[in-house]
Amino acid sequence: MEKKQSFCGICSAGCPMDVYVEDGKVVEIEGHTENGKSRGLCAKGAASKQYLYNEERILFPMKRVGEKGSGQFERISWEEAYGLIAKKLSGIRKEYGAKSVVFYAGYPKWYRPALLRFANAFGSPNFCTESSTCFQASALAWKSIYGNGICFPDLPHTKTLLLWTSNLFHSNTPMGKMYRSLKKRGVTIIAVDPRSTVTTREADIHLKITPGTDGALALAMAHVIIEEELYDKEFVDKYVYGFEEYKNYVSTFTPERACEITGADAELIRKAARLYACNKPSGIQFSVSTIVHHINGFQNYRAVFSLIALTGNYDVEGGNRAMPEPVSPCNEFGKVKRYDGEEAIGEKDFPIWFDLPCQEAQCTRIADYILEEEPYPVKAVFAMGLNHRMWPQPNELQRALGALDFYVNVELFWSESSRMADLVLPACTTFEREEVKTLRGGMFALNERVVEPLGESKNDIEIIMELAKRIGLEDEVLSSDYESYMDYILKPSGLTLQDLREHPQGMKGKVLIPPRIQTYREEPFHTKSGKIELYSLALDKYRESRGYEPLPVYHDFRDQRDVDREMYPLILSTGARKPQFFHARLYRLSWLSALETNPAVEIHPEDARKYGIKDGDRVRVSSPAGEMEGIAVSSINGNPGVVYIYHGNPKGEANNLIHRSYFDPYTGFPGYKSYFCNIEKLDQRERKRKEEAEVTGDDGANEI
Ligand SMILES: Nc1nc2c(c(=O)[nH]1)N[C@H]1C(S)=C(S)[C@@H](COP(=O)(O)OP(=O)(O)OC[C@H]3O[C@@H](n4cnc5c(=O)[nH]c(N)nc54)[C@H](O)[C@@H]3O)O[C@H]1N2
Ligand SMILES: Nc1nc2c(c(=O)[nH]1)N[C@H]1C(S)=C(S)[C@@H](COP(=O)(O)OP(=O)(O)OC[C@H]3O[C@@H](n4cnc5c(=O)[nH]c(N)nc54)[C@H](O)[C@@H]3O)O[C@H]1N2
Ligand code: SF4
Ligand SMILES: [Mo]
């Protein structure tokens with residue numbers, strides 16, 4: 001048996017692994033051992049042998065031969081596949097324009113810069129990613145205030161950590177260790193989460209709020225901080241724009257009012273506000289997605305982020321500041337300018353995406369854009385890792401993909417989204433490819449190819465580069481080969497591929513750019529006013545035309561007039577991370593799916609009693625968008641009145657319950673984590689049907 005080193009490719013944490021290979025096959029995977037101590041892996045990484053050798057892996061390029069979505073494909077050569085894609089994409093570009101081709105990347109990040117370059121060279125403004133529901137809304141909320149990229153907390157120096165949503169032990173396992181070390185150092189931790197989790201249980205204060213009410217809580221904290229004069233007057237006077245308007249607005253948000261809205265205790269809100277403002281330096285650790293998975297999420301996050309400026313915790317040691325580690329200049333490679341000659345999809349609907357701007361198009365409404373040919377016809381989608389199950393009402397997206405002239409999915413697995421494609425290309429996993437990894441502390445390493453690619457699978461970047469050549473795109477990097485590509489992205493660091501091959505443990509970059517800190521002392525903030533904008537001028541631009549509000553104004557999602565709350569009395573939150581699942585991807589690994597064979601529908605025991613449901617009962621959850629079935633699990637972690645379900649499960653898809661027109665008007669992010677539903681025990685419904693059947697003579701069996 002040979003021991004090789006690799007990095008886990010399932011999530012972005014990229015944990016180092018020791019992989020044992022025998023006769024060209026992986027036989028064992030463990031967390032990397034350093035100085036006799038294993039770094040460990042989470043359940044997903046530990047199960048990744050089943051990921052690599054999954055029976056659903058796509059092994060060859062396959063062309064559709066049957067009806068769309070019928071799943072009938074025939075094997076073709078790479079040569080034929082490249083030829084077909086080049087012909088189709090060039091043809092569609094000629095007939096409908098480059099923008100009618102959409103380039104899409106799913107969760108994996110490693111090939112994005114290359115795909116973005118490809119879209120640029122092709123001439124389409126439509127490069128979009130899964131970040132239409134992740135990260136970008138948080139980045140926009142931040143940018144609307146501070147004008148720069150998000151600043152994370154400087155954990156080693158912080159004294160109070162406001163952990164605003166993050167169940168680290170489930171969603172970012174390697175950070176669990178860091179969290180424990182903060183506790184040991186005596187850092188005061190305030191957690192904001194609607195549920196008790198393994199993370200909140202270790203916090204000093206837990207503000208257990210109703211989902212989607214974060215804005216009201218943050219505004220109440222600001223109220224206390226201003227009323228008790230705990231804010232940083234000098235910083236605010238010098239660097240903040242719109243303080244008076246903001247102060248005026250928050251003056252009505254007393255902790256008592258916030259208590260009514262959020263359910264969190266008013267005294268606890270006061271205590272948390274005082275600690276965050278006075279026990280400095282304080283940092284806010286936040287999720288890149290959860291707070292913005294609400295129809296009021298953007299403004300809620302702006303309210304949270306405003307607290308940093310208010311208390312002078314911006315860009316100071318121990319506060320929220322630009323990454324304290326040196327950053328490699330090779331990151332610049334990913335920052336290729338978006339092609340800006342044409343209107344991108346989502347641009348009319350969500351203009352601040354493009355004003356502030358971020359690097360990609362907003363595609364949450366892509367199903368509508370395809371089906372309605374609005375704002376213009378979208379004829380082809382070239383996707384790498386498209387999974388329709390991540391989107392609200394996924395069947396609509398699936399239908400739209402079926403309506404395209406040409407849809408390619410480069411994937412690891414035969415998902416339903418792959419089955420809908422005209423052409424499927426086999427991607428390979430991290431075990432089967434070399435890959436340059438940027439690690440913490442300015443370190444670089446080469447992920448070794450530990451086994452040969454399965455079947456004829458290839459790495460995504462090689463596929464992109466070959467295709468660029470076939471289409472005749474002009475791009476100095478894409479027109480070279482994969483070795484040169486890796487050398488190119490390493491170049492600014494002063495390292496070469498050869499260096500990394502000779503140092504399998506990784507090397508520190510020779511040239512590293514230190515973060516730019518406290519630049520505001522010398523130059524204005526990159527906002528319209530040149531200051532930190534608690535009153536955003538970027539939003540003010542759309543005050544009249546779209547009703548955007550420049551202050552971080554709170555609107556309650558429960559004020560929805562078009563949902564019948566008598567029919568859907570419960571709040572629905574989907575997608576709080578579970579340690580064993582990763583979106584729709586890992587249900588096919590039996591070691592993991594066996595941990596939850598049917599979708600768990602988590603309800604509070606009070607609700608269980610009210611609805612006559614026992615643990616383990618089969619239940620149907622319904623919402624204005626659709627239905628799903630699962631197994632009831634009663635839990636005291638959440639508050640009564642809220643139902644929690646994870647998404648992506650083929651045995652019951654929570655995203656069927658989220659309506660695709662239920663999104664945040666600023667960012668287009670779906671309200672995954674605060675919608676409305678009802679729940680019923682399944683056989684009770686069956687009984688009712690039978691009773692009705694006795695009257696009508698129709699036993700309704702087909703519907704069950
Ligand atoms: N195992 C696993 N890890 C993952 C993923 C996965 O699918 N599986 N996905 C990755 C991805 S793509 C992302 S974006 C990150 C997300 O990472 P996080 O957002 O940190 O996800 P969670 O750990 O689920 O933390 C969310 C917490 O927010 C709480 N919450 C729910 N609604 C609200 C709300 O309205 N307000 C507040 N304050 N809290 C709320 C939930 O109870 C939960 O405890 O996780 C990444 N890590
Ligand atoms: N209800 C609900 N829905 C949600 C969320 C929620 O909290 N609740 N979270 C949202 C968030 S934050 C996110 S980020 C999205 C994530 O949604 P997706 O982007 O769909 O996430 P994944 O399923 O992890 O990855 C997409 C696909 O990439 C494929 N893939 C993996 N590695 C590679 C590779 O190297 N090459 C290629 N070509 N393909 C690969 C996988 O097999 C998978 O099918 O889901 C969103 N959807
Ligand atoms: S946290 Fe788990 S899934 Fe993510 S890289 Fe590490 S081992 Fe892999
Ligand atoms: Mo995400």
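Thresholds applied
Every chain is numbered independently, its residues counted from 1 as its sequence is written. Chain letters start at A and ligand numbers start at 1, both assigned in the order the entries are written. In view of the model being predicted, local features appear only for residues whose pLDDT reaches at least 70, and side-chain atom pairs are presented and counted only at 80 or more, with totals across whole chains, interfaces and linings using the full set of residues. For side-chain calculations, the full set of non-hydrogen atoms in the structure is used, while hydrogens and water are omitted. UniProt positions are given in the numbering used here, feature names are shortened, and annotations may be inferred rather than shown by experiment. Where each domain starts and ends follows an automatic or database-derived domain assignment. When checking whether two residues touch, look at their non-hydrogen atoms; a contact exists if any pair is within 4.5 Å. The quantity reported as buried area is the accessible area (1.4 Å probe) lost by two parts once they are put together, taken as the sum for both. Helix and strand definitions here come from DSSP, where helices need a minimum of 4 consecutive H or I residues and strands a minimum of 2 consecutive E residues; each element is numbered from the N-terminal end. We call a residue near a molecule or strand whenever a single non-hydrogen atom of that residue lies within 4 Å of it. Within 3.5 Å is the distance limit for a polar contact, defined as a pair of N or O atoms, with the added protein rule that one can donate a hydrogen and the other accept it, and that residues adjacent in sequence qualify only through two side-chain atoms. All accessibility values rest on the Shrake-Rupley procedure with a 1.4 Å probe; residue burial counts only the protein chains present in the view. Residue polarity follows a fixed list, in which Ala, Val, Leu, Ile, Met, Phe, Trp, Tyr, Cys and Pro are nonpolar, Asp, Glu, Lys and Arg are charged, and the others, Gly among them, are polar. For this analysis, a ring pair means two rings from Phe, Tyr or Trp (six-membered ring only for Trp) whose centres lie within 6.5 Å, classed as stacked if their planes differ by under 30 degrees, edge-to-face if by over 60, and tilted for the remaining angles. Here the term buried applies to any residue with accessible area under 20% of the maximum for its type, exposed to any over 50%, and partly exposed to those in between, with areas from a 1.4 Å probe on protein chains only. By this definition, two strands are paired if DSSP reports at least two bridges between them. Fitted lines through C-alpha atoms serve as axes, helices being fitted only where they are in contact, and the angles separating the N-to-C directions of these axes extend from 0 to 180 degrees. Each angle receives one of four descriptions, namely roughly parallel if under 35 degrees, roughly antiparallel if over 145, roughly perpendicular if within 65 to 115, and oblique otherwise. Put simply, a crossing is left-handed when the front helix is turned counterclockwise from the back one by less than a right angle, and right-handed when it is turned clockwise.

Going by what an unreviewed UniProt entry lists, the protein chain is known as 4Fe-4S Mo/W bis-MGD-type domain-containing protein and is assigned to Sellimonas intestinalis. Per its UniProt entry, the protein chain bears the Sequence similarities (unreviewed entry) comment "Belongs to the prokaryotic molybdopterin-containing oxidoreductase family."

Draft legend 1. Region of interest: the domain arrangement of the protein chain. Domain annotation of the protein chain identifies domain 1 (2-52), domain 2 (62-135 + 327-508), domain 3 (152-310) and domain 4 (558-696). Centre-to-centre, using C-alpha coordinates, domain 1 lies 34 Å away from domain 4. Contact residues are listed per partner, giving nine residues for domain 1 and 10 residues for domain 4. Taken as a group, Lys 44, Gln 50 and Tyr 51 account for 57% of the area that domain 1 buries against domain 4, more than any other trio of residues on that side.

Draft legend 2. Seen up close, the UniProt feature "domain: 4Fe-4S Mo/W bis-MGD-type" (unreviewed entry) in the protein chain. Per the UniProt record, "domain: 4Fe-4S Mo/W bis-MGD-type" (unreviewed entry) is annotated on residues 1-56. For residues 1-56, the end-to-end C-alpha separation is 27 Å, with 16% helix and 43% strand making up the annotated structure.

Draft legend 3. Geometry of the site of ligand 2. The immediate surroundings of ligand 2 are formed by 33 residues, with Glu 411, Asp 460, Arg 585, Asn 655 and Lys 673 found nearest. Met 390 places a polar main-chain atom, nitrogen or oxygen, 2.8 Å from a nitrogen atom of ligand 2. A distance of 2.9 Å separates a nitrogen atom of ligand 2 from a polar atom in the backbone of Val 410. Contact with the protein chains removes 98% of the 920 Å² of surface that ligand 2 exposes when unbound. For the shell around ligand 2, a count of residues per class yields 15 nonpolar, 11 polar and seven charged. Counting the residues that make up the shell around ligand 2, at least three belong to each of domain 2 (62-135 + 327-508) and domain 4 (558-696).

Draft legend 4. Structural context of the packing of aromatic side chains. Throughout the structure, instances matching the rule amount to 41 aromatic pairs. When the centroid spacing of 5.0 Å and the interplanar angle of 55° are considered together, the rings of Phe 73 and Trp 414 count as tilted. With a gap of 341 residues between them, Phe 73 in strand β7 (residues 73-75) and Trp 414 in the loop between β18 (406-411) and α17 (416-419) connect regions that are remote in the sequence. Grouping residues by exposure puts Phe 73 and Trp 414 together as buried.

Draft legend 5. Local environment of the sheet that holds strand β20 (residues 435-439). A sheet is described by the order of its strands in space; here three strands give the open sequence β20-β21-β22, paired in antiparallel fashion. Two strands lie at the open edges of the sheet, namely β20 and β22 (507-508), each paired on one side alone. Here β20 runs beside strand β21 (residues 443-447); their pairing, made up of five bridges, is antiparallel. Bridged to Val 436 within β21 is Leu 446. Docked against the sheet, helix α19 (residues 482-490) engages β20 and β21, running at close to 15° with respect to β20.

Draft legend 6. Highlighting the side chain of Gln 50. By the element assignment, Gln 50 lies in helix α2 (residues 48-52). Look past the residues within four positions of Gln 50 in its chain and what remains in contact with it is Leu 589, Ser 590 and Trp 591.

Draft legend 7. A look at the site of ligand 3. Residues in contact with ligand 3, as listed here, are Cys 8, Ile 10, Cys 11, Ala 13, Gly 14, Cys 15, Leu 41, Cys 42, Lys 44, Gly 45, Thr 173 and Pro 174. Residue classes in the shell around ligand 3 are distributed as eight nonpolar, three polar and one charged.

Draft legend 8. Molecular detail of the packing of helix α5 (residues 136-146) against helix α13 (residues 297-310). Look at α5 against α13: their axes get within 9 Å of each other, and the N-to-C directions meet at 50°. Classified by the interaxial angle, the pair formed by α5 and α13 is oblique. In this structure, the crossing between α5 and α13 has a hand that is right-handed. Contact with α5, carried on its side by Ala 137, Ser 138, Leu 140, Ala 141, Trp 142, Ser 144, Ile 145 and Tyr 146, involves Phe 298, Tyr 301, Arg 302, Phe 305, Ser 306, Ile 308 and Ala 309 of α13 and no other residues of that element. Taken together, the residues that form the contact of α5 with α13 break down as 11 nonpolar, three polar and one charged.

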